[in-house]
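Listed here are the chains, written in short residue letters.
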Amino acid sequence: MSSPDPQVRAARNRTTPAGGRRPVVAVTGAATGVGALLTERLAASEEIKQVVAVDERRGECDAAEWHILDVRDPAIAEKLRGADVVVHLALDLDLGSDAAARTAYNVRGTQTVLTAAAAAGVHRVVLCTSAMVYGALPDNELPLSEDAELRATAEATGVGDLLEIERLARRAPRAHPGLNVTVVRPAILVGGTDTALTRYFESPRLLVVTGSRPVWQFCHVEDLCSALEYAVLEKVEGELAVGCDGWLEQEEVEELSGIRRMELPSAVALGAAARLHRIGLTPSPAGDLAYTMYPWVVSGSRLHDAGWRARWTNEEVLAELLEEVTGRHTVAGRRLGRKDATAAGAAGATVALLGAAAVVRRARKARRR
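Figured I'd write up the structure that's included with this text. Treat the numbers as computed from the prediction; the structure is a model and nothing was measured.

### Considering the pattern of salt bridges
Applying the stated rule across the entire model yields 16 salt bridges. In this structure, Glu229 engages Arg41 in a salt bridge whose closest nitrogen and oxygen atoms are separated by 2.6 Å. Placement of Glu229 in helix α7 (residues 221-232) and of Arg41 in helix α2 (residues 33-43) is noted, with a sequence separation of 188 residues between them. Given a relative accessible area of 33%, Arg41 falls into the partly exposed group. In this structure, the salt-bridge partner of Arg185 is Glu166, at a minimum N-O distance of 2.8 Å. Note that Arg185 is positioned in strand β6 (residues 180-186) and Glu166 in helix α5 (residues 159-175), a separation of 19 residues in sequence.

Rendered as structure tokens:
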């Protein structure tokens, strides 16, 4: 007997997990990072029927069905046929990426996946952005609810892309009736990650801007994968924030890390950071500093109401982060070699920031020659 037509099979598979049928789940960006961890987790779950893995190269999970292609390729629609849920994790948030190319990949990739999922008969897409979309502002509530206004701007690394992905998520159900979209927003992600915020802890001193109110909330990648699985199994839906319970004050972070602070006036810190980024000496724009100045802690109440709990505490995640960055040396967001770090010494961050004007002058003179 011949196998059913793919479109017929997709229609049959639309029965939700709540209806008693195990879902087929497609994961984009499945070969590396969070995508690889989630693929392994779902493939090992008895609640999942099959995992379809999509990436530009094959990953290590042999239990998944692999499709090798760029997520911007419209041919992805055919690869998604038969899937009940798609988890889209193919994002480029690398500090070293060209900003324009990164945006083109992230936005176009998300648009293509949403359109392809609807065409393939998928009934749910799970997107992953960041709690950074709420913005880091002095008047933010502690903690923020999922329904809080998204007040971030595009001034921090990748946040403009994430805000556009959020807009696509809101529009998709209207453009594609029958398609449900869940958005998961993790706090500072730790566990094999490299971001401006994890690099903060590679510095010889923790920069504190005078008059700011830093508080810290982390999210371990294992907890993120657990939250994504909840979304896949439709135990929770909508806009979800995920992170460790509670938060750490700056003084607690300094005590736990053993790294002392370096306090600078706002104008000096922000101005120097902007100049250093503008001439290409640091990967992080000045907007990244706001996330080390003001609170953007999330409550995670929707996941909690559904029975989900973080397995990691902020203290435990910070300890893992500090272990991960041992031996790395970053000054003003720029990673240094051992020789450079030794030369910079404990005052390296101060030199980098306060000496920004001199660096700019030297760079200008070099360009004139």
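Here the narrative resumes.
### A look at a negative patch on the surface
Residues Glu249, Glu252, Glu255, Glu315 and Glu316 make up a contiguous surface patch of negative charge. Sorting the residues of the negative patch by element identifies α8 (250-257) and α11 (314-324) as the ones contributing at least two each. Among the structural elements, Glu252 can be located in helix α8.

### A few points about the packing of aromatic side chains
For the structure on display, the rule yields six aromatic pairs. With 6.4 Å between their ring centres and 15 degrees between their planes, Trp216 and Phe218 make a pair best called stacked. Judged by relative accessible area, Trp216 falls into the buried class, the value being 0%. A relative accessible area of 0% means that Phe218 is categorised as buried. Taking the centre distance of 5.2 Å and the plane angle of 90 degrees together, the rings of Tyr291 and Trp296 count as edge-to-face. Comparing Tyr291 with Trp296, the two get one shared label, buried. Connected via pairs of aromatic rings, a cluster forms that spans Tyr200, Phe201, Trp216 and Phe218. Across the ring face of Tyr230, the terminal group of Lys235 is positioned such that the distance to the ring centre comes to 4.7 Å.

Rules used throughout
Residues numbered from 1 in each chain as written. Predicted model: local features only at pLDDT ≥ 70, side-chain atom pairs only at ≥ 80, totals over all residues. Heavy atoms only, no water. Salt bridge = Lys/Arg side-chain N within 4 Å of Asp/Glu carboxyl O. Helix = DSSP H or I, 4+ residues; strand = E, 2+ residues; numbered from the N terminus. Buried < 20%, exposed > 50% of the residue type's maximum accessible area, 1.4 Å probe, protein only. Patch = residues over 30% accessible without salt bridge, like charges linked within 9 Å, V, L, I, M, F, W, Y side chains within 5 Å. Areas by Shrake-Rupley, 256 points an atom, 1.4 Å probe, with all protein chains shown as cover. Lys, Arg positive; Asp, Glu negative; His and termini not counted. Charge placed at Lys NZ, Arg CZ, Asp CG, Glu CD. Phe/Tyr/Trp six-rings, centres within 6.5 Å; stacked < 30°, edge-to-face > 60°. Lys NZ or Arg CZ within 6 Å of the ring centre and 35° of its normal.

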